[in-house]
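Chain by chain, the residues:
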Amino acid sequence: MLEAIVLLGWGRSHRTTADGELIRWGTDLARVEGQVGADVLEVAITRSGADGSGGRKRLRVNGVGRRAAALGRTLRVVLFAPEEMLLVIGAPGLRRAAIDGLAAAGSPAYADDLATYGRTLQQRNSLLRAIREEQATRDQLRFWDEAFLERGSRVVEGRLRLLGELAGPLAAAHREIAPDEAAAGALALQYVSNAPQGPGEAVRDTLTRRLAETADKEIWNGATLIGPHRDDVAFTLGGRDLAGFASRGQQRTAILALKLAELDHLTALDGRPPLLLLDDVFSELDPDRRAHLVRRIAGLPQAFVTTTTPDDLDPGLLEIARGWQVGPGPDGAELRPAE
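Presented here is an overview of the structure given in this document.

What counts and what doesn't
Residues numbered from 1 in each chain as written. Predicted model: local features only at pLDDT ≥ 70, side-chain atom pairs only at ≥ 80, totals over all residues. Heavy atoms only, no water. Axes fitted to C-alpha atoms, helices over the stretch in contact; angles between N-to-C directions. Helix = DSSP H or I, 4+ residues; strand = E, 2+ residues; numbered from the N terminus. Parallel < 35°, antiparallel > 145°, perpendicular 65-115°, else oblique. Left-handed = near helix turned anticlockwise from the far one by under 90°. Contact = heavy atoms within 4.5 Å. Nonpolar A, V, L, I, M, F, W, Y, C, P; charged D, E, K, R; others polar. Expected span 1.5 Å × (residues − 1). Buried < 20%, exposed > 50% of the residue type's maximum accessible area, 1.4 Å probe, protein only. Salt bridge = Lys/Arg side-chain N within 4 Å of Asp/Glu carboxyl O.

1. Thoughts on the packing of helix α5 (residues 141-177) against helix α9 (residues 248-270)
Phase 1 of the analysis: Put simply, α5 and α9 touch, their axes get as near as 8 Å, and they point 125° apart. It follows from the interaxial angle that α5 and α9 lie oblique. In this structure, the crossing between α5 and α9 has a hand that is right-handed. Here Leu162, Glu165, Leu166, Pro169, Leu170, Ala173, His174 and Ile177 of α5 come into contact with α9, specifically with Thr253, Leu256, Ala257, Leu258, Leu260, Ala261, Asp264 and His265.
Phase 2 of the analysis: When grouped by side-chain class, the residues that make up the contact of α5 with α9 number 11 nonpolar, three polar and two charged.

2. Thoughts on helix α4 (residues 108-132)
Phase 1 of the analysis: Across its 25 residues, α4 extends 36 Å between first and last C-alpha, which sits within 8% of the 36 Å expected from 1.5 Å per residue.
Phase 2 of the analysis: Looking at α4, one finds that the buried residues are Tyr110, Asp113, Thr116, Tyr117, Thr120, Leu121, Arg124, Asn125, Leu127, Leu128, Ala130 and Ile131.
Phase 3 of the analysis: Buried residues belonging to α4 abut α3 (92-106), α5, α7 (203-213) and α8 (215-221).
Phase 4 of the analysis: Where α4 ends, the next residue or the one after it, Glu134, has phi of about 60°, a positive value.

3. Concerning the environment of Leu2
Phase 1 of the analysis: Residue placement: Leu2 occurs in helix α1 (residues 2-10).
Phase 2 of the analysis: Sequence-wise, Leu2 and Leu59 are 57 residues apart; in three dimensions their C-alpha atoms are separated by 18 Å.

4. Re the pattern of salt bridges
Side-chain pairs of opposite charge can arise whenever the charged atoms involved come near each other.
Phase 1 of the analysis: For the structure on display, the rule yields 28 salt bridges.
Phase 2 of the analysis: In this structure, the salt-bridge partner of Glu3 is Arg15, at a minimum N-O distance of 3.5 Å. Highlighted residues: Glu3 in helix α1 and Arg15 in the loop between α1 and β1 (29-36), separated in sequence by 12 residues.
Phase 3 of the analysis: As a salt-bridge pair, Arg151 and Asp113 come within 2.6 Å of each other at their nearest N and O atoms. Pair noted here: Arg151 is in helix α5 and Asp113 is in helix α4, with a separation of 38 residues, a long-range link.
Phase 4 of the analysis: Here the salt bridges share partners, and the residues they tie into one network are Asp112, Asp113, Glu150, Arg151 and Arg154.

Laid out in structure tokens, this is it:
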């Protein structure tokens, strides 16, 4: 159920990058429809490819074909799921995706810059491989270098701007849910670039310098070695990288603080709180953190919380919640009021 809501808000699943995996075995179509106020959102995926493993996706808002960004402007979603537990210690791509998604939700221009940068990177890498195979010349890189520098510098600047805006809400959320831990040092997000800026150097100037420094190595590798696609974002506590020492509890606390900061950030854009989705997260929270999360949930217009064990839910949440149960039905899983 939560995956279907995420699909309506993001235009993609948070659990897989292969759209074909969202289609039930034995069928050729997956379709999700949801109503947000007066707007109707629809995502439909049909099987594609010779083996039927691929998926062709169609997105609509009020019956009109749209891009994924249009879904996000109608249905903002903040998700806290078990997959999020890798944010602190997992691959840099996970953290880049989290920051990029949040930045794009608040800025259509950022989403456009990021998409154009991705396409430019693909073209530039293809050309670098052709140069390595002596099928193209270095002077052909000039066009793609210009596009790379323009869009790449905007992406970095957008990320830095977002991290600055998140700094206050993130530290505040951390103090609320883990005051003893916060007393020893503030929780923060630090941008880790493979093209660090020198004194008085603009982002574009830095990328220009680093492109020149890595030119020969890029051709040898047939790939672009610097740029925002290789940057990282580190969770730090008191200035130390959490990935190097954090316990599982500290990791979960940091991620929860980030999600609450996301709620505050997105609400501040236009006063419209996003939809909070919590996938079986109460089981690993201590009573104090559970109580804090319940207070936040109670202040939202709507939130969806799932669990496989109702006893894991905070009693305060059960008092204000409307319960539903997912179980087997004649045509697969069905949703019905909890007993």
